[in-house]
Amino acid sequence: MTPSELRRYIQERMRTQVSTETIVSELLGAGWKFDQIQEALAAASTPTPAIPIPIPRPQNAPAHHPQERNEPPPIPPASAAPEHASSWNWWEELFSVKGLVYIGLVALLIGAGLFLKFAFDNNWVPPVARVGLGAVGSFCLMAMGSHWSARYKNYGQALIGGGSALLYLTFYAAYGFYHLVGLEIAYILLSACVAITLGLSAIHRAIAVAIIGSVGAYLSPLLLSGGDLLYFPLFYGLAVLWGLHLVMLRYGWKELIVVTTVGSLLLIGSWLDRYTTALFWPTMVTIALYAITVVASAITYKSFQPHDDKQADGAMALSIAISALLYYAASYAMIEEVYPAATGAWTFALSAVFAVAAIVAHSSAAVASLVVRALQHLALFFVAIAIPVQFDQHWVTMSWAIVGTYVLSVGLMQQMTGVRMWGLGLLTMSVFRLLFIDIFGFETTQFFFNELTLVALLTVASTSASAWLYKKFQGPRLDWENSASDALEVVSHCTLLWFFLRQVDNYFTLRSVDRGSERSLWSARDYLKSLLFILYGIALVVPGIALKKRNLRILASAFFAIAIFKVFLFDAFSLSQGYRIASFLSLGVILLLAAFFYNKYRSHVLGFLEASDRSPMPR
């Protein structure tokens with residue numbers, strides 16, 4: 001039979017979820033050679049029509065009957081129908097094929113360790129021989145695993161991993177326990193162990209071996225702490241990071257990103273305990289290369305592994321976020337100690353770097369969308385925290401308002417939901433800071449024409465501009481964003497009125513310093529507040545009717561209601577006689593005039609408002 005028939009048979013068996021080891025065993029029992037089976041397994045990845053055929057017999061196999069020369073020997077029925085016991089086969093394979101070898105390996109290592117400890121305690125073996133035995137044993141395990149991995153993949157990989165772990169312990173024992181080598185030689189030996197382990201994992205396509213090697217690589221500098229090598233452990237960790245990321249990109253082992261992220265976190269964290277200002281620049285450069293390596297790997301991952309893998313994309317995006325935050329925390333702590341005035345500029349610079357990276361990644365079709373969004377969010381995050389880091393007091397509020405409006409405009413023009421959310425978030429923080437921090441914490445001896453006025457007007461202008469941007473740029477949005485423009489307008493007017501009310505409080509507080517706490521003074525303040533509600537309500541009614549904006553008319557009605565409530569339930573009892581009269585007269589005159597014009601032009605106004613209410617979107 002031809003090799004193509006053998007390949008089709010292997011493909012058919014794979015479709016029924018039969019393991020590779022079972023297929024190989026069947027074909028070996030049918031008389032096929034191992035090399036022929038390996039070639040057919042390699043070619044089985046090529047899609048062909050699913051044509052069920054019997055197990056082919058090698059051309060040189062003896063035939064019992066001439067008329068049946070091309071028929072394969074029979075195989076047991078149990079192995080021909082695995083679909084009826086797929087669940088049990090899975091558990092059997094997990095325990096028998098994979099579990100037993102690892103359990104046996106662990107038991108072997110523990111037993112060997114106990115025997116060697118007993119021998120060492122009785123001084124049967126000198127330290128040099130102990131290290132030599134450990135190295136020989138580890139290399140024997142790796143050699144055996146390399147030999148058997150072709151036929152028994154899980155068994156061979158387990159032996160390679162066990163040998164690698166034993167080699168790590170042996171090299172560390174030579175330095176840490178027996179002091180046979182110095183710190184420099186220990187690093188060289190452990191680096192060689194890392195290289196051997198990663199090389200074997202690449203040869204045998206064994207991700208488990210690669211994970212063992214990467215864990216050992218990151219444990220090495222933690223175990224070899226101390227000495228006079230200064231920042232060498234950090235450089236060593238960077239070299240390991242490069243190697244692991246190259247392996248990850250080549251073979252698509254996204255699991256390595258978890259190990260490298262956690263390992264880098266532990267390595268940099270332990271390094272900061274030893275850090276001194278004398279190591280500022282080498283440390284800054286090295287940890288910057290850490291972050292650059294992670295970002296570059298995430299951006300180029302799909303160029304090496306073009307298939308769609310949401311888990312890989314999510315892992316890359318998460319690794320970028322963790323690495324960026326780790327790098328910023330470490331660099332900020334160092335810069336604050338050496339150049340404290342540059343922390344804000346440094347944060348702005350990081351924001352710009354991630355913004356450029358996001359633009360470059362967005363322009364490439366080979367970069368995952370999750371990675372692009374991670375870069376965008378990091379750029380916006382750093383610009384948001386750079387403002388309070390660099391500025392203080394009212395500058396924070398103004399900067400958040402300006403940057404928030406700009407970010408929102410970019411999100412609206414580019415139709416990026418996440419960017420719009422960041423813009424709205426910055427605007428919300430600026431309004432909150434103005435209303436509850438700046439206004440209450442501001443003290444001045446100058447009424448109205450002061451620094452707080454500029455902050456309030458700029459914040460109100462930013463929210464109003466954002467409301468206009470939402471109307472100008474239409475596109476796909478979240479459902480609640482359809483009312484964002486009206487909500488921003490309401491927020492801007494409420495913010496401005498609240499600012500005026502606080503300025504009135506500030507003015508009369510300044511007057512009370514000269515005149516004392518006279519009742520007429522506070523009555524004038526409360527009367528002016530009521531008048532402000534009424535006047536601002538009138539100021540909103542006119543554009544609300546003229547521009548057909550229902551939200552402004554509703555807000556004006558709310559201000560009128562507040563004024564009425566205040567006059568009848570508060571001013572009537574707390575104001576002095578003169579201001580009480582003025583308050584009721586002012587309210588009455590304004591409401592009567594409003595009612596007169598409403599009744600006079602009732603038909604025009606109602607028709608105008610009904611036409612406005614029938615329009616699908618407020619203009």
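Residues numbered from 1 in each chain as written. Predicted model: local features only at pLDDT ≥ 70, side-chain atom pairs only at ≥ 80, totals over all residues. Heavy atoms only, no water.

S.K.: Describe the side chain of Gln305, with residues and values.
M.R.: Relative to the assigned elements, Gln305 resides in the loop between α12 (280-304) and α13 (310-338). Among the polar contacts listed, one links the side chain of Gln305 to the backbone oxygen of Leu249, at a separation of 3.0 Å. Contacts of Gln305, omitting those with residues within four sequence positions, involve Leu249, Arg250, Tyr251 and Gly252. (Helix = DSSP H or I, 4+ residues; strand = E, 2+ residues; numbered from the N terminus. Polar contact = N/O pair within 3.5 Å; in protein donor to acceptor, adjacent residues only side chain to side chain. Contact = heavy atoms within 4.5 Å.)

S.K.: Please provide a residue-by-residue account of the packing of helix α16 (residues 394-414) against helix α18 (residues 451-472), values included.
M.R.: Here α16 crosses α18 at 10°, and the two axes come no closer than 9 Å. In this view, α16 runs roughly parallel relative to α18, as classed from their interaxial angle. Every residue of α18 that contacts α16 at His394, Thr397, Met398, Ala401, Ile402, Thr405, Leu408, Ser409 and Leu412 is listed here: Glu451, Leu452, Leu454, Val455, Leu458, Thr459, Ser462, Ala465, Ser466, Leu469 and Tyr470. Here the residues of the contact of α16 with α18 are counted per class, giving 12 nonpolar, seven polar and one charged. (Axes fitted to C-alpha atoms, helices over the stretch in contact; angles between N-to-C directions. Parallel < 35°, antiparallel > 145°, perpendicular 65-115°, else oblique. Nonpolar A, V, L, I, M, F, W, Y, C, P; charged D, E, K, R; others polar.)

S.K.: Residues and numbers for the packing of helix α6 (residues 127-148) against helix α7 (residues 153-176), please.
M.R.: At their nearest, the axes of α6 and α7 sit 7 Å apart, and the two run at 160° to each other. Relative to α7, the element α6 lies roughly antiparallel. Note that α6 runs across α7; the crossing there is left-handed. Contacts between α6 and α7 involve Val131, Gly134, Ala135, Gly137, Ser138, Phe139, Leu141, Met142, Met144, Gly145, Ser146 and Trp148 from the former and Lys153, Tyr155, Gly156, Leu159, Ile160, Gly162, Gly163, Ser164, Leu166, Leu167, Thr170 and Ala174 from the latter. (Left-handed = near helix turned anticlockwise from the far one by under 90°.)

S.K.: How would you sum up the packing of aromatic side chains? Please name residues and give values.
M.R.: Summed over all chains, the structure comprises 16 aromatic pairs. A centroid spacing of 5.0 Å and a plane angle of 40° characterise the contact between Phe432 and Phe436, whose relative ring orientation is tilted. You can see Phe432 and its partner Phe436 sitting in helix α17 (residues 417-441), four residues apart, about one turn around the helix. Residue Phe432 is classed as partly exposed on the basis of its relative accessible area of 49%. Taking the centre distance of 5.1 Å and the plane angle of 80° together, the rings of Tyr507 and Phe508 count as edge-to-face. Tyr507 sits in the partly exposed class, given a relative accessible area of 27%. Phe508 gets classed as buried once you look at its relative accessible area, which sits at 6%. Aromatic ring contacts, followed pair by pair, group Tyr328, Tyr332, Phe354, Phe381 and Phe382 into a single cluster. (Phe/Tyr/Trp six-rings, centres within 6.5 Å; stacked < 30°, edge-to-face > 60°. Buried < 20%, exposed > 50% of the residue type's maximum accessible area, 1.4 Å probe, protein only.)

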